[in-house]
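# Overview (structure and organization)
The primary structure of each chain is shown beneath.
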Amino acid sequence: SASGKSTIAARFRARCGPGIAIVGQDHLRRVVLKEKDKPGAANIGLIDLVTRYALDHGYTTVLEGIFYATHYGEMLTRLRDDHLGQSLFYYMDVPFEETMRRHATKPQANEYGCAEMSSWWRDRDYLPQVSERVITADTTAEAAVKQIMRDAGKLVPDAMTEDDLPTT
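Residues numbered from 1 in each chain as written. Predicted model: local features only at pLDDT ≥ 70, side-chain atom pairs only at ≥ 80, totals over all residues. Heavy atoms only, no water.

### So, the overall build of the protein
Spelled out, the test is: Segments assigned H or I by DSSP are reported as helices when at least four residues long, segments assigned E as strands when at least two residues long, and all are numbered from the N terminus. Each radius of gyration reported is based on C-alpha atoms, and the globular scaling rule is 2.2 Å times the count of residues to the power 0.38. Type-normalised accessible area, obtained with a 1.4 Å probe on protein chains alone, sets the label of each residue: buried when under 20%, exposed when over 50%, and partly exposed for intermediate values. Note on contacts: a residue pair qualifies if any of its non-hydrogen atoms lie within 4.5 Å across the two residues. For accessible areas, the Shrake-Rupley method is used with a probe of radius 1.4 Å. Any residue's cover is judged against the shown protein chains and nothing else. We treat Lys and Arg as the positive residues and Asp and Glu as the negative residues; His and chain ends play no part in the count. To locate a charge, take atom NZ for lysine, CZ for arginine, CG for aspartate or CD for glutamate.
Assigned secondary structure in the protein consists of seven helices and four strands. The secondary structure elements of the protein, listed N-terminal to C-terminal, are α-β-α-α-β-α-β-α-α-β-α. By the compact-globule yardstick of 15 Å for 168 residues, the protein fits well, its C-alpha radius of gyration being 16 Å. The 168 residues of the protein split such that 39% are buried. Contacts in the protein between residues at least 24 apart in sequence constitute 68% of all its contacts with a sequence separation of at least 6. About 9800 Å² of surface is accessible on the protein, with carbon and sulfur atoms providing 52% of the total. Of the charged side chains in the protein, 21 are positive and 24 negative; the average position of the first set lies 4 Å away from that of the second.

### Section: helix α1 (residues 5-16)
Just so we agree on the cut-off: Each residue after the first adds 1.5 Å to the expected span of a helix. Our arc is simply the arc of the directions from the helix axis toward the C-beta atoms.
Counted at 1.5 Å a residue, the expected span for α1 with its twelve residues is 16 Å, and the 17 Å between its end C-alpha atoms agrees. Residues of α1 that are buried include every one of Ile8, Ala9 and Phe12, and no others. The buried residues of α1 all sit within an arc of 100 degrees when viewed along its axis, so they share a single face. On its buried face, α1 is in contact with β1 (20-24), β2 (60-64), β3 (89-93) and α7 (141-151). In the segment just after α1, glycine 17 is the residue with positive phi, at about 85 degrees.

In structure tokens:
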């Protein structure tokens, strides 16, 4: 939580323009289904279904959320294996202390705090059988967006330079 996932996804769509679908785990799980994050929960199938629908209709699709390897790894691996196009995976490697600092700047900072966030925390919870590119805490949201655009073969606006790209 509060690592910058939603910010990066929104900025990616803003830079790329139409044709980008964002499938937000929080929205589908917490708002649409109002369920807890647990293995085998209904949101996993719903995320899969919405993602496949968007891909089948030609959208470049960004999944964003806290995708615990134990809960989502199998579904994400199937999506990758079934998708005929390019699949890119990114892991936000942001220390807990930094996520707390970032969380304090969010509008919903008073809705949940350190206790809840520490219960969600899993250090380096990489997905099995998936090669994830790591975005570190020192990478700005703008630099992350530029790197993802480049990786995805999207045109990087002229104002973006090589110096803006992350080094890791």
